[in-house]
Every structure is written in C-alpha cells, then in structure tokens.
Amino acid sequence: DAGVIQSPRHEVTEMGQEVTLRCKPISGHNSLFWYRQTMMRGLELLIYFNNNVPIDDSGMPEDRFSAKMPNASFSTLKIQPSEPRDSAVYFCASRLTKAKGVIGELFFGEGSRLTVL
Amino acid sequence: QKEVEQDPGPLSVPEGAIVSLNCTYSNSAFQYFMWYRQYSRKGPELLMYTYSSGNKEDGRFTAQVDKSSKYISLFIRDSQPSDSATYLCAMSAQVTGGFKTIFGAGTRLFVKA
C-alpha cells in the first residue's frame, strides 16, 4: 500500500518566492494534517482538515501561509511570499477518524525539506 | 505555556539500559496518548497508543498514562543501538468537527553499543 506521499522532497528557494507543497493522503483516510518541524520549536500543527473541510487553522503562522484540500486525495500548503524563517521540514499526515470519537493511527509522509535563502 | 512539554535531551545511555521518557500536558481534554519514533530524515512512526490511564506493554516498550497528574511516560527495557532515534509524545483532543493531535518537542535518544 502506498503511504502518504509528499512532494517535493526538497525545495530551495529565494526569499519572496512562492512555495507550494503537495500531499496525497492514504486512500480512505478522512483526516489530514500539516505539521512543521524545526529544531527550535519541534513538530507544530499548522492546520487540520476533516472530510476536506479545514477544522483548525490556529497554528498557521500568518497570512502568508494558506492550505487547501480540494478533494479527498490531494492537499496543498502554500507560502507566499516565503521568508528565511520559514525554513523547516513540512510534514503531511493522514488518518481515519471513525464514528463516535474513535481515531486511528496517524501516518506521516517523508516530509518536504524547505530552505529559503 | 505549551500544551505539551517534553525535554528535548539529548539522552545518551549504554546498550542494555532502561530508558525513561516523559511528557507533561496542561489540557485535560486530551483523551488519546501516543508515542512516535522518528529516525533521522524520516517521518514519525507510531510506537504506542493508549486511551486511558494505566500501563500498556508491547515487547520492550511500556507506556504509562497518569491523567490525574497530566503525565505520560515511555519505558524502553534492554535498550539497543537501533533504538537511537527521536521519541515524540502526542495527544489528541476532540474539537468541533474532529480530533486534533498535538506533539511534544521530541527527545533525542542515543544508545551506545
């Protein structure tokens, strides 16, 4: 079975450029998460979708960040304009959230390592 | 104050030692408690998953949850060099529309042969 697929794996860009990160969750999963990982702040939750609907975006650092989930099999995280402090590893994760508050295991992709010069 | 606090380490132990990793949390709404293991340049992978207070054992790993103290632990017995990784605690709380999952900062563990 294919796991969570993220692209690109590595991205190096210059300050001010637009960055788009992509994620394909595991088929059948109905919850999708975007996290950012840095040495200083660890793994931070940016935004969480349930059934393609954004549920909690309180972790999105500022208006330069936006995320979409147009269908159950695709999500994007966009940074425009990018800044050096956005350099981090961005992880996408998905899981099956069942009825009556039962949640399954959270599966992570391999991450997208972003460097903004 | 962060919702989940975890000492980042690093923690260095000799092979065969018992390792104790801990997290504290402030939100009493957390219902699910997990430990993830992350190897260098990889995504985190689930190691242990518990729902209620008490102990859960899986091979050399034991997870403990104390909801009254808002404290969770992971014990690794007979640690091996292959256990060297970053260990992240994670907790899930129900919010409107679903469950959100928050992670601790992760503790880097080194097991020396």
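This is a predicted model, so every value here is computed, not measured. Position labels on residues start from 1 in each chain and follow its written sequence. Lettering for chains starts from A, numbering for ligands starts from 1, and both go in the order in which the items are written. Local features in this predicted model are restricted to residues of pLDDT 70 or higher, and side-chain atom pairs are both shown and tallied only at a pLDDT of 80 or more, whereas totals for entire chains, interfaces and linings draw on every residue. Remark: hydrogens and water are excluded; side-chain values derive from all non-hydrogen atoms of the structure.

**Student:** Describe the overall build of chain B, and please don't skip the residues or the numbers.
**Tutor:** In terms of helices and strands, chain B carries 0 helices and 11 strands. Secondary structure elements in chain B, listed N-terminal to C-terminal, are β-β-β-β-β-β-β-β-β-β-β. In this treatment the radius of gyration is a C-alpha quantity, and the globule benchmark scales as 2.2 Å times the residue count to the 0.38 power. At 14 Å, chain B has a C-alpha radius of gyration in line with the 13 Å of a compact globule built from 113 residues. On the principal axes, the C-alpha backbone points of chain B span a range of 45 × 30 × 25 Å. Looking at chain B as a whole, 45% of its 113 residues are labelled buried. Elements are defined by DSSP. Helices are runs of H or I of four residues or more, strands are runs of E of two residues or more, and each kind is numbered from the N terminus. Burial classes: relative accessible area under 20% of the type maximum marks a residue as buried, over 50% as exposed, and values in between as partly exposed (1.4 Å probe, protein chains only).

**Student:** Any details on the sheet that holds strand β8 (residues 74–79) of chain A? Residues and values, ideally.
**Tutor:** All names here are of chain A. Strands are treated as partners if at least two bridges between them are detected by DSSP. Taken in spatial order, the 4 strands make up an open sheet running β1-β3-β8-β7, and their pairing is antiparallel. Pairing within the sheet leaves two strands with one partner each, and these edge strands are β1 (5–7) and β7 (65–71). The mean angle between the axes of side-by-side strands here comes to 15°, regardless of whether they run parallel or antiparallel. In this structure, β7 lies alongside β8, joined through 5 bridges in antiparallel fashion. From the neighbouring strand, F65 faces β8, where its bridge partner is I79. Helix axes are fitted to C-alpha atoms over the stretch in contact, other axes to C-alpha atoms as well, and angles between N-to-C directions run from 0 to 180 degrees.

**Student:** Which residues make up the packing of aromatic side chains, and what values do they have?
**Tutor:** Only Phe, Tyr and Trp rings are paired, with Trp represented by its six-membered ring, and only when their centres lie within 6.5 Å; those with planes under 30 degrees apart are stacked, over 60 edge-to-face, the remainder tilted. Here the structure, examined in full by the defined rule, presents 13 aromatic pairs over all chains. Judged by centre distance (6.0 Å) and plane angle (15°), the ring pair of A:F33 and A:Y35 falls under stacked. Consider the rings of A:Y35 and B:F103, whose centres lie 5.3 Å apart with planes at 90°: the pair is edge-to-face. Here the residue A:Y35 occupies a position in strand β4 (residues 31–38), and B:F103 occupies one in strand β10 (residues 98–103), the pair thus bridging two chains. Per residue, the accessibility class of A:Y35 equals that of B:F103, and both read buried. In this structure, B:K67 packs its charged tip against the face of B:Y51, placed 5.6 Å from the ring centre. Think of it as a cone above the ring: NZ of Lys or CZ of Arg counts as a charge over the ring if it is within 6 Å of the ring centre and within 35 degrees of the ring normal.

**Student:** Would you mind going over the interface of chain B and chain A in detail, with residue names and values included?
**Tutor:** Note on contacts: a residue pair qualifies if any of its non-hydrogen atoms lie within 4.5 Å across the two residues. Each side of the interface is counted separately: chain B has 22 residues, and chain A has 25 residues. Summed over both partners, the interface of chain B with chain A buries about 1900 Å², with 52% contributed by carbon and sulfur atoms. Once two parts are put together, the accessible area they lose, assessed with a 1.4 Å probe and summed over both, is termed the buried area. Summed over the three residues of chain B that lose the most area to chain A, namely B:R41, B:F99 and B:F103, the buried surface amounts to 26% of that side. Throughout this description, the term salt bridge denotes a Lys or Arg side-chain nitrogen within 4 Å of a carboxyl oxygen of Asp or Glu. Remark: the boundary between chain B and chain A carries 2 salt bridges. Salt-bridge contacts for B:K100 lead to A:D56; the nearest nitrogen and oxygen are separated by 3.5 Å. Between N or O atoms, a polar contact is any pair within 3.5 Å; within protein, one atom must be a potential hydrogen donor and the other a potential acceptor, and residues adjacent in sequence are included only when both atoms are from side chains. Connecting chain B to chain A are 8 residue pairs in polar contact (both at pLDDT 80 or more). For the side of chain B that touches chain A, the elements supplying multiple residues, two or more each, are β4 (30–38), β5 (45–50), β9 (85–95) and β10 of chain B. Tallying contributions element by element places β10(B) first for the side of chain B that touches chain A, with 6 residues. When its residues are assigned to classes, the side of chain B that touches chain A shows 11 nonpolar, 7 polar and 4 charged. Put simply, Ala, Val, Leu, Ile, Met, Phe, Trp, Tyr, Cys and Pro go in the nonpolar bin, Asp, Glu, Lys and Arg in the charged bin, and everything else, Gly too, in the polar bin.

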